Amino acid sequence: MIDGPTDERADDPTAGSSASIADVIAAGPTLSVEFFPPKTDEGAEQLDRTVDELDPVGLSFVSVTYGAGGSTRDRTRDLVVRLNAERNYPAMAHLTCVGSSRSELEALLDDYDASGVHDILALAGDPPADGSPAGGDFTYALELVELVRARGPQFSIGVAAHPELHPRSTDRSSDRDHLAEKLRAADFGVTQFFFDPADYGRMVAELADRDCTTPVLPGVMPLSNPSGIARMAEMSGATFPTDLAARVEAAEGAERDRVVVDATVGLCRALLDSGAPGIHLYCLNRSPIVLAVADALGVR
Ligand code: FAD
């Protein structure tokens with residue numbers, strides 16, 4: 001369980017935005033959230049409110065997504081730099097490499113370095129949906145891990161992991177081989193969302209079979225919007241929990257929130273009890289479910 005980590009973090013010399021996320025995870029268990037860069041002024045105000053509302057939780061870190069093909073490059077950069085400077089926790093920049101040139105990514109990494117941001121989630125990103133060549137200098141996330149590593153030891157590097165296999169993987173064994181190789185080169189992993197803790201346990205065991213013990217944070221998605229999450233699950237290859245979705249859809253108001261929070265807390269507890277190094281919540285820029293989950297886990 002995560003009972004009491006806020007106090008432990010307050011006494012921990014690695015706490016605060018000067019610590020790397022790799023250090024924070026090593027001192028875990030952690031509770032972190034993912035944000036996306038808002039497109040509108042209204043969305044930006046909503047996110048600012050969320051960040052303030054989450055302050056009492058004492059988050060371990062936050063991460064900020066990078067739009068497909070770099071479409072949110074500047075917004076991601078500005079948000080990560082601001083959160084990292086203003087808040088008492090590190091902010092991690094997601095970064096994709098497919099379709100980008102080496103010099104373009106080196107310039108962005110140097111900018112992050114100069115701005116005090118040293119936590120990068122190194123991702124491949126998706127090739128163009130129409131099947132046209134992606135162009136650029138990279139094919140796989142491992143190449144971006146190597147590029148970031150070469151910029152210096154100040155960077156801490158996370159990578160993506162898919163408990164139910166990456167949707168483009170041809171077979172389980174080669175998927176796990178590539179994942180183990182990538183995780184060994186990185187400092188930690190963060191998973192795609194999933195709803196059955198057994199999928200995470202199986203992935204960790206398969207990595208251990210390959211002598212890979214790099215910590216992997218489970219990514220947990222509260223099922224607050226079942227139809228939207230069903231679409232995301234289809235794209236990411238995650239099994240959609242139809243029974244839970246039916247229970248959420250059948251409930252209304254506070255009862256609906258309770259069903260979502262109970263299911264999320266149940267999954268988080270099972271993961272932490274099985275040894276997961278923390279929880280990364282996909283919060284969709286909203287605070288209420290994170291606050292309820294943090295309360296139930298005893299984090300505040
Ligand atoms: P890789 O690790 O490169 O793997 C991609 C595929 O290639 C896998 O099937 C793998 O098995 C295979 N592979 C790897 N190496 C080799 C090799 N040497 N030979 C043959 N096959 C190989 N996308 C965004 O655009 N922006 C984001 O902000 C973003 N954030 C994410 C956060 C998390 C936590 C996760 C899990 C995903 C995120 N994604 C994001 C999605 C991600 O970009 C896609 O899943 C993408 O398709 C693959 O990225 P990857 O880093 O897992 O790629």
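Our subject is the structure listed above.
Figured I'd write up the structure that's included with this text. (Residues numbered from 1 in each chain as written. Predicted model: local features only at pLDDT ≥ 70, side-chain atom pairs only at ≥ 80, totals over all residues. Heavy atoms only, no water.)

### Let's talk about the site of the ligand
Neighbouring the ligand are 24 residues, the closest being Tyr 66, Asp 126, His 166, Ser 169 and Lys 182. At 2.9 Å, a side-chain N or O of His 94 approaches an oxygen atom of the ligand. One of the side-chain N or O atoms of Lys 182 is found 2.7 Å from an oxygen atom in the ligand. Here the ligand has 980 Å² of accessible area as a free molecule, and 82% of this is covered by the chains. Secondary structure elements with two or more residues in the shell around the ligand: strand S3 (91–96), strand S4 (119–123), helix H7 (172–185) and strand S6 (188–193). Split by residue class, the shell around the ligand holds 10 nonpolar, 10 polar and 4 charged. (Near = heavy atom within 4 Å. Polar contact = N/O pair within 3.5 Å; in protein donor to acceptor, adjacent residues only side chain to side chain. Areas by Shrake-Rupley, 256 points an atom, 1.4 Å probe, with all protein chains shown as cover. Helix = DSSP H or I, 4+ residues; strand = E, 2+ residues; numbered from the N terminus. Nonpolar A, V, L, I, M, F, W, Y, C, P; charged D, E, K, R; others polar.)

### Some thoughts on the environment of Thr 214
Assignment of secondary structure puts Thr 214 in the loop between helix H8 (197–209) and strand S7 (216–220). The class for Thr 214 is buried, based on a relative accessible area of 17%. Separated by 30 residues in the primary sequence, Thr 214 and Arg 184 have C-alpha atoms spaced 6.4 Å apart. Excluding anything up to four places from it in sequence, Thr 214 contacts Leu 183, Arg 184, Ala 186, Asp 187 and Phe 188. At 3.1 Å, the side chain of Thr 214 forms a polar contact with the backbone oxygen of Leu 183. (Buried < 20%, exposed > 50% of the residue type's maximum accessible area, 1.4 Å probe, protein only. Contact = heavy atoms within 4.5 Å.)

### Details of the pairing of strand S2 (residues 61–64)
In summary, the side chains of a regular strand alternate between the two faces of the sheet. With burial as the criterion, each face of S2 is covered, one bearing Phe 61 and Ser 63 and the other bearing Val 62 and Val 64. By the bridge criterion, 4 bridges tie strand S1 (residues 30–35) to S2 in an arrangement that is parallel. Looking at S2, one finds that Glu 34 is bridged to Ser 63. Taken together, S1, helix H3 (residues 41–54) and S2 constitute a β-α-β crossover, and its handedness is right-handed. In the classification by handedness, the crossover that spans S2, the intervening helix H4 (residues 73–86) and the parallel S3 is right-handed. (Pairing = 2+ DSSP bridges. Right-handed = clockwise from strand over helix to strand, strands pointing away.)

### Side note on the pattern of salt bridges
As enumerated under the stated definition, the model contains 19 salt bridges in all. With a shortest N-O distance of 2.6 Å, Asp 111 and Arg 77 are connected by a salt bridge. Of the two residues, Asp 111 sits in helix H5 (residues 102–114) while Arg 77 sits in helix H4, which places them 34 residues apart along the sequence. Looking at Asp 111, the relative accessible area reads 27%, which means it is partly exposed. According to the relative accessible area criterion, Arg 77 is partly exposed, its value standing at 22%. We note a salt bridge from Glu 255 to Arg 258, for which the minimum N-O separation is 2.9 Å. Of the two residues, Glu 255 and Arg 258 both sit in helix H11 (residues 253–273), 3 residues apart, roughly one turn of that helix. On the basis of relative accessible area, Glu 255 is assigned to the partly exposed category, the value being 37%. (Salt bridge = Lys/Arg side-chain N within 4 Å of Asp/Glu carboxyl O.)

### Section: the sheet that holds S3
Read around the barrel, 8 strands follow the order S1-S2-S3-S4-S5-S6-S7-S8 and close on themselves; strand pairing throughout is parallel. Each neighbouring strand pair of the sheet contributes to a mean axis angle of 30°, computed without reference to strand direction. Examined bridge by bridge, strand S5 (residues 156–161) and S6 share 4 bridges and lie parallel to one another. The residue of S6 that forms the bridge with Ala 161 is Thr 191. Lying on the sheet, helix H6 (residues 141–150) is in contact with S3, S4 and S5; it crosses S4 at an angle near 150°. (Axes fitted to C-alpha atoms, helices over the stretch in contact; angles between N-to-C directions.)

### Digging into the nonpolar core
A general feature of soluble globular proteins is that nonpolar side chains tend to end up buried together. Counting 88 residues, the largest nonpolar core has Val 33 and Phe 35 as its most contacted members. Here this core takes 8 residues from H11, the largest share from any one element. The contact partners of Val 33, leaving out residues within four places of it in the chain, are Leu 54, Leu 59, Phe 61, Val 62, Ser 63, His 280, Leu 281, Cys 283 and Val 290. (Core = buried A, V, L, I, M, F, W, Y, C linked by side-chain atoms within 4.5 Å.)

### Quick look at the packing of helix H10 (residues 242–250) against H11
At their nearest, the axes of H10 and H11 sit 8 Å apart, and the two run at 155° to each other. Taken as axis vectors, H10 and H11 run roughly antiparallel relative to one another. Crossing handedness for the pair H10 and H11: left-handed. Residues Leu 244, Arg 247, Val 248 and Glu 249 of H10 pack against Arg 256, Val 259, Val 260 and Ala 263 of H11. Per-class residue counts for the contact of H10 with H11 are 5 nonpolar, no polar and 3 charged. (Parallel < 35°, antiparallel > 145°, perpendicular 65-115°, else oblique. Left-handed = near helix turned anticlockwise from the far one by under 90°.)

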